[in-house]
Amino acid sequence: MANLASTPMSAQLELPFAPLSVNPVVTTATVLDGQPVNYILHRSHGRRRISLSVDDRGLRVGAPLRASLREIETVLRDHARWVIRKLADWNDKRAPSRRWESGETLSFLGLPLKLDVAHGTSEVHLTQPHLHIVTPDHSAAAVAALAKHWLRGQAAEHFHRRIEHFRSHITLETVSIRLSNARSRWGSCHASGRISLNWRLIHMPQHLIDYVVVHELAHLREMNHSPRFWAVVGSVIPDYTARRREIRRESHRYLVD
Ligand SMILES: [Zn+2]
């Protein structure tokens, strides 16, 4: 519980790019074998030695609180070939960007929608499993703008509904939401009672969106990741650990643009 002393007043849901703790985390850069390499440095009390891992967030370095940057860089250099190979695999696995053409699919509440682009006055409508996008301008940018505008609107409505559904179980406060466009974070919460939710969550299945919504609502009660916080989350979503694992494993698929 020693961590609680440094509990921040604004807690972020660090999925998928940061750890579930309040320990110091910084993004750092170095050069290995002539290649620039970014990594997330995560120092913690309990850690005895420097460790390297590559997951859906990229390269992470775990280190004892007192490890010097020189020691860390030495470990990185000793494992340069491994790091570079793993990062290359990671880059290959990342979702390709969209072309915004007819026939392409995008995920909406976890279900595939097929894009159907047609010429005409700007309009978007959903006839599952088709998302019809009508535009006088067939450019990818025009189609993307219309589609994202529609997705953001759907996201805002969906988040409002789910917050209303869960709010009374967790907090008496009124909650305001803001749609975020972050590339590295699904949600965050401010002591003022405002929650930010990434509009791209609308790509995910509802049970994962619910996990993020409940996680942020629970921060209005507990601005930390203490056992008390997880007890609040668990009182609403008993299987939250499975959902958290699923988000960590799958969320890179939903960050496509
Ligand atoms: Zn959190």
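This text goes with the structure placed above it.
Throughout what follows, the structure given in this document is the object of discussion. Note that the coordinates shown come from a computational prediction; the quantities given were computed from them, not determined experimentally.

### Let's talk about the nonpolar core
And then number 1: Counting 48 residues, the largest nonpolar core has W186, L197, L201, M204, Y211, L217 and V233 as its most contacted members.
And then number 2: Take this core: its biggest share by element is ten residues, from helix α3 (residues 140-170).
And then number 3: Residues in contact with M204, not counting those within four places in the same chain, are L109, G110, W186, I209, I247, S251 and Y254.
And then number 4: Listed in part, the 17 residues of the second largest apolar core include Y39, V61, V75 and L76.

### What to know about the sheet that holds strand β5 (residues 58-64)
And then number 1: Pairing is mixed across the open sheet formed by four strands, whose spatial order is β2-β3-β5-β4. Two strands in the sheet have a free side with no partner beyond their single neighbour: β2 (25-32) and β4 (51-55). Taking the axes of each pair of neighbouring strands and ignoring which way they run, one obtains an average angle of 35° across the sheet.
And then number 2: Strand direction decides the pairing type here: strand β3 (residues 35-44) and β5, joined by five bridges, are parallel.

### Quick look at the coordination of the zinc ion
When a metal carries six donors in an octahedron, the ideal angles between them are 90 or 180 degrees, while four donors in a tetrahedron ideally lie at 109.5 degrees.
And then number 1: Looking at the zinc ion, the protein donor atoms are H215 (NE2), H219 (NE2) and H225 (NE2), and they sit 2.0 to 2.1 Å from it.
And then number 2: Coordination of the zinc ion draws on donor residues from a single chain, spaced H-x3-H-x5-H in sequence. With H215 and H219 both in helix α4 (residues 206-221) and four residues apart, this pair spans about one turn of that helix.
And then number 3: Classification of H219 as buried rests on a relative accessible area of 0%.

### Concerning the packing of aromatic side chains
In this description, an aromatic ring pair is defined by two values, namely the gap between the centres and the angle between the planes.
And then number 1: If you walk through the whole model with that rule in mind, you get three aromatic pairs.
And then number 2: The interplanar angle of 75° and the centroid separation of 4.8 Å between the aromatic rings of F229 and W230 together place this pair among those described as edge-to-face.
And then number 3: Look at F229 and you get buried, because its relative accessible area is 0%.
And then number 4: Measuring from ring centre to ring centre gives 5.2 Å for W230 and Y240, while their planes differ by 10°; the resulting arrangement is stacked. In this pair, W230 is assigned in helix α5 (residues 227-236) and Y240 in helix α6 (residues 240-250), connecting sequence segments ten residues apart. You'll find W230 and Y240 in the same group, each marked buried.
And then number 5: Three or more aromatic residues link up through ring pairs in this structure, and these residues are F229, W230 and Y240.

### Describing helix α1 (residues 69-78)
And then number 1: The set of residues buried in α1 consists of I72, V75 and L76. With its buried residues spanning 100° around the axis, α1 presents them on a single face. Across from the buried face of α1, at angles greater than 90 degrees, the exposed residues are R70 and D78.

### Digging into the pattern of salt bridges
And then number 1: Using the criterion set out here, one finds six salt bridges in the structure.
And then number 2: With a closest N to O distance of 3.2 Å, E101 and R99 form a salt bridge.

Rules and cut-offs
Residues numbered from 1 in each chain as written. Predicted model: local features only at pLDDT ≥ 70, side-chain atom pairs only at ≥ 80, totals over all residues. Heavy atoms only, no water. Core = buried A, V, L, I, M, F, W, Y, C linked by side-chain atoms within 4.5 Å. Buried < 20%, exposed > 50% of the residue type's maximum accessible area, 1.4 Å probe, protein only. Helix = DSSP H or I, 4+ residues; strand = E, 2+ residues; numbered from the N terminus. Contact = heavy atoms within 4.5 Å. Pairing = 2+ DSSP bridges. Axes fitted to C-alpha atoms, helices over the stretch in contact; angles between N-to-C directions. Donors = N, O, S within 2.8 Å, 3.2 Å for Na, K, Ca; no water. Phe/Tyr/Trp six-rings, centres within 6.5 Å; stacked < 30°, edge-to-face > 60°. Arc of directions from axis to C-beta. Salt bridge = Lys/Arg side-chain N within 4 Å of Asp/Glu carboxyl O.

None of the figures reported here should be taken as evidence of function without further support.
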